[in-house]
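The chain contents come next:
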Amino acid sequence: MIHILTYNFSINYLEERTPHRMNHFEHLKPYISRKELLLGGATESGSPEGILIFDKLSRQELETFAKSDPYIINRVATSYKIEKWNVVVGSLIDHIKVA
């Protein structure tokens, strides 16, 4: 099951993330090594967001992940939302767990 975790960043997130960035990446490492975090990165829109694509985790596990992320704890990301993504097509479909 694929979920999208979207962070809404503060307007000055580029400056605010600096002291927390390494801890944020450390927080991501176990999820990457277990192949649960598939992709992640920031958008370049006027209202910047971070998007993380997860496989295999429940909504509750993602809530725990987000609440313990240094970007949420330190208000680099001011809010987040979790959405189930019903993936049906794409070149990566054979590499993910489709519900």
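In the block above lies the structure referred to throughout.
Source: prediction; values computed, not measured.

Conventions adopted
Residues numbered from 1 in each chain as written. Predicted model: local features only at pLDDT ≥ 70, side-chain atom pairs only at ≥ 80, totals over all residues. Heavy atoms only, no water. Pairing = 2+ DSSP bridges. Helix = DSSP H or I, 4+ residues; strand = E, 2+ residues; numbered from the N terminus. Axes fitted to C-alpha atoms, helices over the stretch in contact; angles between N-to-C directions. Contact = heavy atoms within 4.5 Å. Phe/Tyr/Trp six-rings, centres within 6.5 Å; stacked < 30°, edge-to-face > 60°. Buried < 20%, exposed > 50% of the residue type's maximum accessible area, 1.4 Å probe, protein only. Lys NZ or Arg CZ within 6 Å of the ring centre and 35° of its normal. Expected span 1.5 Å × (residues − 1). Bend = angle between axes of the 7 residues up to and from the residue.

1. As for the sheet that holds strand β4 (residues 77-85)
Then, in step 1: In spatial order, the strands read β2-β3-β1-β4; together these four strands make up an open sheet with antiparallel pairing. Among the strands making up the open sheet, the edge pair consists of β2 (37-42) and β4. Sheet twist, expressed as the average angle between the axes of neighbouring strands with direction ignored, equals 15°.
Then, in step 2: Across eight bridges, the pairing between strand β1 (residues 2-9) and β4 is antiparallel. Paired with H3 across the two strands is K84, which belongs to β4.
Then, in step 3: Its contacts with the sheet place helix α3 (residues 59-67) against β1, β3 (49-55) and β4, and it is angled at close to 160° to β4.

2. Topic: the pairing of β2
Then, in step 1: Of the pairings in the sheet, the one linking β2 to β3 comprises five bridges and is antiparallel in character. Residue pairing in the sheet places G40 in a bridge with L52 of β3.
Then, in step 2: Counting the residues between successive antiparallel strands, the hairpin from β2 to β3 contains six residues.

3. Quick notes on the packing of aromatic side chains
Then, in step 1: Applying the stated rule across the entire model yields five aromatic pairs.
Then, in step 2: Taking 4.4 Å as the distance between ring centres and 10° as the angle between the ring planes, the aromatic pair formed by F9 and Y13 counts as stacked. An identical accessibility class is assigned to F9 and Y13; each is buried.
Then, in step 3: The ring of Y31 is capped by R34, whose NZ or CZ atom sits 4.8 Å from the centre of that ring.

4. Observations concerning helix α2 (residues 21-33)
Then, in step 1: With 13 residues, α2 extends 18 Å between its outermost C-alpha atoms, agreeing within 8% with the 18 Å of an ideal straight helix rising 1.5 Å per residue.
Then, in step 2: The largest bend along α2 measures about 25° and falls at H27, with the proline P30 one to four residues further on.
Then, in step 3: When we look at burial in α2, the residues that qualify are H24, H27, L28 and Y31.

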